[in-house]
Amino acid sequence: MPRTDLSTYNNHPYNPGGNAFKRILWYYFNAVFFKTSIIPSSGFKVFFLRLFGARIGKNVTIKPCVNVKYPWNLHIGDETWVGENVWIDSLVLIQIGANVCLSQGAVLLTGSHNYKKTSFDLITKGIILEDGVWICAGAMVNPGVTAASHAVLTSGSIATKNLEAYSVYQGNPAIKVREREIS
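Residues numbered from 1 in each chain as written. Predicted model: local features only at pLDDT ≥ 70, side-chain atom pairs only at ≥ 80, totals over all residues. Heavy atoms only, no water.

K.L.:
Just give me the short version of the pattern of salt bridges, but keep the residues and values in it.
P.N.:
This model, assessed by the stated rule, comprises two salt bridges. In the salt-bridge network here, residues are joined through shared partners; they are Glu164, Lys176 and Glu179. (Salt bridge = Lys/Arg side-chain N within 4 Å of Asp/Glu carboxyl O.)

K.L.:
Describe the pairing of strand 19 (residues 174-179), naming the residues involved and giving the relevant values.
P.N.:
As judged from the five bridges shared by strand 18 (residues 167-171) and strand 19, these two strands associate in the antiparallel manner. Residue pairing in the sheet places glutamine 170 in a bridge with isoleucine 175 of strand 19. In this antiparallel pair of consecutive strands, strand 18 and strand 19, the connection spans two residues. (Pairing = 2+ DSSP bridges. Helix = DSSP H or I, 4+ residues; strand = E, 2+ residues; numbered from the N terminus.)

K.L.:
Pulling in residues and values, what's your account of the sheet that holds strand 12 (residues 127-129)?
P.N.:
An order of 1-4-7-12-15 is seen for the five strands of this open sheet, with the pairing classed as parallel. The sheet terminates laterally at strand 1 (55-56) and strand 15 (146-147), the two strands that pair on one side only.

K.L.:
Explain the pairing of strand 18 to me, using residue names and the numbers behind them.
P.N.:
Regular strands have side chains that alternate between both faces of the sheet. Two strands pair when backbone bridges link them, and strand 16 (residues 152-153) and strand 18 are joined in this way by two bridges, in the parallel orientation. Within strand 18, the position partnered with valine 152 by the bridge is valine 168.

K.L.:
Please provide a residue-by-residue account of the packing of helix 1 (residues 20-34) against helix 2 (residues 42-51), values included.
P.N.:
Taken N-terminus to C-terminus, the directions of helix 1 and helix 2 make an angle of 175°; their axes are 12 Å apart at the nearest point. Considering the angle they form, helix 1 stands roughly antiparallel to helix 2. Contacts between helix 1 and helix 2 pair Trp26, Phe29, Phe33 and Phe34 from the former with Phe44, Lys45, Phe48 and Leu49 from the latter. In terms of residue class, the contact of helix 1 with helix 2 is built from seven nonpolar, no polar and one charged. (Axes fitted to C-alpha atoms, helices over the stretch in contact; angles between N-to-C directions. Parallel < 35°, antiparallel > 145°, perpendicular 65-115°, else oblique. Contact = heavy atoms within 4.5 Å. Nonpolar A, V, L, I, M, F, W, Y, C, P; charged D, E, K, R; others polar.)

K.L.:
Give me the lowdown on helix 2, citing residues and values where you can.
P.N.:
Among the residues of helix 2, those classed as buried are Ser42, Lys45, Val46, Phe48 and Leu49. Buried positions along helix 2 lie against helix 1, strand 1, strand 2 (61-62) and strand 3 (67-68). For helix 2, the N-terminal cap is serine 41; the gap from its side-chain oxygen to the backbone nitrogen of glycine 43 is 3.4 Å. Looking one or two residues beyond helix 2, the residue adopting positive phi is glycine 53, at roughly 110°. (Buried < 20%, exposed > 50% of the residue type's maximum accessible area, 1.4 Å probe, protein only. Polar contact = N/O pair within 3.5 Å; in protein donor to acceptor, adjacent residues only side chain to side chain.)

K.L.:
Give me the lowdown on the sheet that holds strand 6 (residues 87-89), citing residues and values where you can.
P.N.:
Taken in spatial order, the five strands make up an open sheet running 3-6-9-14-17, and their pairing is parallel. Of all the strands in the sheet, the pair left with one neighbour each is strand 3 and strand 17 (158-159). Relative to strand 17, strand 14 (residues 140-141) runs parallel, the two being bridged by two bridges. For methionine 140, the partnering residue across the bridge sits in strand 17 and is isoleucine 158.

K.L.:
Requested: an account of the nonpolar core, with residues and values cited.
P.N.:
Counting residues in hydrophobic clusters, the biggest one holds 42 residues, and the most contacted among them are Ile88, Ile96, Leu102, Leu108, Leu129, Ile135 and Leu153. If you list the elements that add at least two residues to this core, you get helix 1, helix 2, strand 4 (74-76), strand 7 (94-96) and strand 12. Sequence-distant contacts of isoleucine 135, defined by excluding residues within four places in its chain, comprise Cys101, Leu102, Ser103, Ala106, Leu129, Val141 and Leu153. (Core = buried A, V, L, I, M, F, W, Y, C linked by side-chain atoms within 4.5 Å.)

K.L.:
Give a detailed account of the environment of glutamine 95, specifying residues and quantitative values.
P.N.:
Counting through the fold element by element, glutamine 95 comes out in strand 7. Owing to a relative accessible area of 34%, glutamine 95 belongs among the partly exposed residues under this scheme. Between the alpha carbons of glutamine 95 and lysine 125 there is a distance of 12 Å; along the sequence they are 30 residues apart. Sequence-distant contacts of glutamine 95, that is, excluding residues within four places in its chain, are made with His75, Ile127, Ile128 and Leu129.

Spelled out as structure tokens, the structure:
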């Protein structure tokens, strides 16, 4: 029976974007100013995300201890909130709409591995969170998922498939449990 052989791993043709210097500079900047609570200022974080190539809308709030893999692969719409300890694993493009809430500890994953290959090849797929989506505390969105307008992924749930508009999802894997009604 074949076995996984990580010595044969090669993530070619994946390219994270940015040159090596930019990636190294972001790595240290992210570690010092984003993944810690040294600088709690949201405006400071938005400024530097934009400086590193992220597209960030108006009045975006970014709380302390947020981890952003590659800001040049991140688009965030107006009035969006990013809570404490959110991990944005932007190996490829993550598009976040306006009025989205990423609660504390939420994870957006764009990468995985092909467990069927002995070389454990890298697999990447983008994520789209449309306007009004709420990814609750400790929830996880997997690669390739689109959360349609105003969908909710409840606390601790894991989205492995697309989420319908104005729907509430719960569990692992997340399933639709009801409609989202906004009054």
